[in-house]
Amino acid sequence: MNIDILLSILFTIPLFIVGFQIEKLKTKKIFIIWISIAILLIIIGIIIENNSNNEMRSVSYFSSQLLFIFLIVQKITRNIYFTIFKREPEFGKFPKHKIDYIYTLTISFSVIILAFLLDSYIFKKF
């Protein structure tokens, strides 16, 4: 197994942990802990990217950004959702309200799209 793929899997494990415990992100202390972990993962991804001999962008660098993007997008969309509907959105399960599907899809697609846009911008810039 390629080390880049193994590191990519290790970098996405915290994303799945946060995805299954998204209700806890509304507390400020938990959110700060996870954003600190996300920044640490990005720093590790940058170090690995700079020390690799690979000419292509590494998959591990790309996946190290996913948790940070997820947390930022979730915080913004949750705040917008809460101000509009005056309730907490349900993520990833079968919600009572059909409008929660839009919240889930927005977070899911925007994390992937923003990761690709960020990576292409960084690749083009540097």
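The structure presented is a predicted model; accordingly, all values stated were derived computationally and were not measured. (Residues numbered from 1 in each chain as written. Predicted model: local features only at pLDDT ≥ 70, side-chain atom pairs only at ≥ 80, totals over all residues. Heavy atoms only, no water.)

Peer 1: Explanation requested: a nonpolar patch on the surface in the structure shown.
Peer 2: Side chains of Ile 3, Ile 5, Leu 6, Ile 9, Leu 10, Ile 13 and Ile 17 sit close together on the surface and give an oily, nonpolar patch of about 590 Å² of accessible area. In this structure, Ile 17 sits in helix H1 (residues 3-20). (Patch = residues over 30% accessible without salt bridge, like charges linked within 9 Å, V, L, I, M, F, W, Y side chains within 5 Å. Areas by Shrake-Rupley, 256 points an atom, 1.4 Å probe, with all protein chains shown as cover. Salt bridge = Lys/Arg side-chain N within 4 Å of Asp/Glu carboxyl O. Helix = DSSP H or I, 4+ residues; strand = E, 2+ residues; numbered from the N terminus.)

Peer 1: Can you walk me through the environment of Arg 78 in this structure?
Peer 2: As for its placement among the helices and strands, Arg 78 is situated in helix H4 (residues 66-85). Note on Arg 78: relative accessible area 12%, which makes it buried. (Buried < 20%, exposed > 50% of the residue type's maximum accessible area, 1.4 Å probe, protein only.)

Peer 1: What is the right way to read H4 from this model?
Peer 2: Residues three or four positions apart in an α-helix share a direction because the helix packs 3.6 residues into each turn. Helix length check: H4 (20 residues) gives 27 Å between terminal C-alpha atoms against 28 Å at 1.5 Å per residue, within 8%. Remark: Lys 86 follows H4 within two positions and exhibits a positive phi of approximately 55 degrees. (Expected span 1.5 Å × (residues − 1).)

Peer 1: Just to check I follow, could you spell out the pattern of salt bridges for this structure?
Peer 2: Pairing between side chains of opposite charge can happen when the charged atoms of each approach one another. The tally for this structure, following the rule as stated, stands at 2 salt bridges. Among the salt bridges present, the one from Arg 78 reaches Glu 88, with a minimum N-O distance of 2.6 Å. With Arg 78 in helix H4 and Glu 88 in the loop between H4 and helix H5 (100-125), this pair connects stretches of sequence that are 10 residues apart. Residue Glu 88 is classed as partly exposed on the basis of its relative accessible area, which comes to 30%. Asp 100 is the salt-bridge partner of Arg 87, the closest N and O atoms lying 3.2 Å from each other.

Peer 1: Teacher, can you tell me more about the environment of Ile 69 here?
Peer 2: If you trace the backbone, Ile 69 turns up in helix H4. Placed 41 residues apart in sequence, Ile 69 and Ser 110 show a C-alpha to C-alpha distance of 8.6 Å. With residues near it in sequence (within four places) discarded, Ile 69 still touches Ser 110, Val 111, Leu 114, Ala 115 and Leu 118. (Contact = heavy atoms within 4.5 Å.)

Peer 1: I tried to follow H1 on my own but got confused; where do I start?
Peer 2: Its 18 residues give H1 an end-to-end C-alpha distance of 26 Å, which sits within 8% of 26 Å, the value for a rise of 1.5 Å per residue. Here H1 has its buried residues at Asp 4, Ser 8, Phe 11, Thr 12, Pro 14, Leu 15, Val 18 and Gly 19. In this structure, the buried side of H1 is in contact with helix H2 (28-51), helix H3 (59-64) and H4.

Peer 1: Help me understand the nonpolar core, please; the structure alone is not making it clear to me.
Peer 2: Among soluble globular proteins, nonpolar side chains are generally buried collectively. If you look at the biggest cluster of nonpolar residues, it comprises 23 residues, and the most contacted ones within it are Val 18, Leu 25, Leu 67, Phe 70, Leu 71 and Ile 107. Counting residues per element, the ones that place at least two in this core are H1, H2, H4 and H5. Once you skip the residues sitting within four places of it in the chain, Ile 107 turns out to touch Phe 70, Val 73, Gln 74, Thr 77 and Phe 91. (Core = buried A, V, L, I, M, F, W, Y, C linked by side-chain atoms within 4.5 Å.)

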